[in-house]
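Commentary on secondary and tertiary structure
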Amino acid sequence: MIIFSMTILIAYIGIFNYFPILYSFIGSFFKWRPIKGIFKFVGFDNYIWMLEDPLFWTSITNTLVFALVSCLFYVSLGLIFATLIYSVPRFQSFFRTTYFLPVITSGVAVSLLWKYAFYNTNNGVFNVVLEFFGFDPQMWLLDENQVLACIIVMTVWKEIGYAIVIFIAGLNEIPTELFEAATIDGASRFQSFRRIIIPLIKPTTLLVAVTGMINFLQVFNQVMLMTSTAGKNPGGPGTSSYTMMLWIYEKGFRDFEFGRASAIGYALVLVIMVFTVIQFRLNRSEE
């Protein structure tokens, strides 16, 4: 019975996990158009096309800017809020639940809420507040200089609850005797944060940074939903918020060029691997 169960489990993992990965990697070397029944070997042509297309450099730049800035605020603000919540244990459960609610809320619902309720150029909350204080209303998602920042703010707001919960779990592992000793020695809260919390919570910080970076490099839903306007392709204005995941989607499910979409996908996989290795190496060097 055990052998049969293990066989089923291995078969399931192989069919639904490893086979698609292998098949898409092989497909990246083919002119692959399933709608037309085309599957022709072209070698590295898809990768050469990708590197020569200006959209590659635009999309990878936007993706990296989005991921790096989002991860910076995600980790730093997550640690700060977690420390504040940790300092008031009586209401810790309430704050953890409150901050975690956006994480489990539908990304589609949150994206549309922010698009139409907060970033609306006519009567959105942000413009109403700006006008109340005498400032000019902003174009937000319709301004190529603001759109990426707007999406970053919404994304960090939605995802930061996960970082807070993980950081609180890490803070609970720090012996309370250290804080008590620091207080007796006259250390301020900031000194305790700098000398005790930051050094001892580095493994948790690495976990949050790595998982956050992987998540942010795959940004898609919010860009697709928040930048889509009538008669215009998502990723705008122009290509100011065009990301690699959006390019993969359009090549695969709009143009049905699966080979090129697979090549872009594996370029993104390489970027994710590079940043993950860098983060682990930095953590080891600090240790």
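Residues numbered from 1 in each chain as written. Predicted model: local features only at pLDDT ≥ 70, side-chain atom pairs only at ≥ 80, totals over all residues. Heavy atoms only, no water.

Before going further, it helps to examine unusual backbone geometry. Between G236 and the following residue, P237, the backbone shows a cis peptide bond with an omega angle of 0°. By secondary structure assignment, the location of P237 is in the loop between α11 (221-226) and α12 (244-253). Phi is positive for F256, which is not a glycine, with a value near 55°. Examined against the element boundaries, F256 turns out to sit in the loop between α12 and α13 (258-286). For F256, a relative accessible area of 34% puts it in the partly exposed group. (Helix = DSSP H or I, 4+ residues; strand = E, 2+ residues; numbered from the N terminus. Buried < 20%, exposed > 50% of the residue type's maximum accessible area, 1.4 Å probe, protein only.)

Our focus in this paragraph is a nonpolar patch on the surface. Residues F19, L22, Y23, F25, I26 and F39 make up a contiguous nonpolar surface patch of roughly 560 Å² in combined accessible area. Along the chain, Y23 falls in helix α1 (residues 2-27). Using a relative accessible area of 36% as the deciding quantity, one classes Y23 as partly exposed. (Patch = residues over 30% accessible without salt bridge, like charges linked within 9 Å, V, L, I, M, F, W, Y side chains within 5 Å. Areas by Shrake-Rupley, 256 points an atom, 1.4 Å probe, with all protein chains shown as cover. Salt bridge = Lys/Arg side-chain N within 4 Å of Asp/Glu carboxyl O.)

A few words on the nonpolar core. One finds M50 and F167 to be the most contacted residues of the largest nonpolar core, which totals 63 residues. If one sorts the elements of this core by residue count, helix α7 (residues 147-172) sits on top with 14 residues. Filtering out sequence-adjacent residues up to four positions away, F167 remains in contact with V75, G78, L79, A82, I201, T204, T205 and V208. (Core = buried A, V, L, I, M, F, W, Y, C linked by side-chain atoms within 4.5 Å. Contact = heavy atoms within 4.5 Å.)

Take the pattern of salt bridges next. Counted under the stated rule, the structure contains seven salt bridges. Ionic pairing is found between E159 and K158, a salt bridge with its closest N-O pair at 3.7 Å. Here E159 matches K158 in class, with each residue buried. Close ionic contact of K251 with D255 constitutes a salt bridge, the shortest N to O distance being 3.4 Å.

Everything listed here is a matter of coordinates, which is why it stays silent on function.
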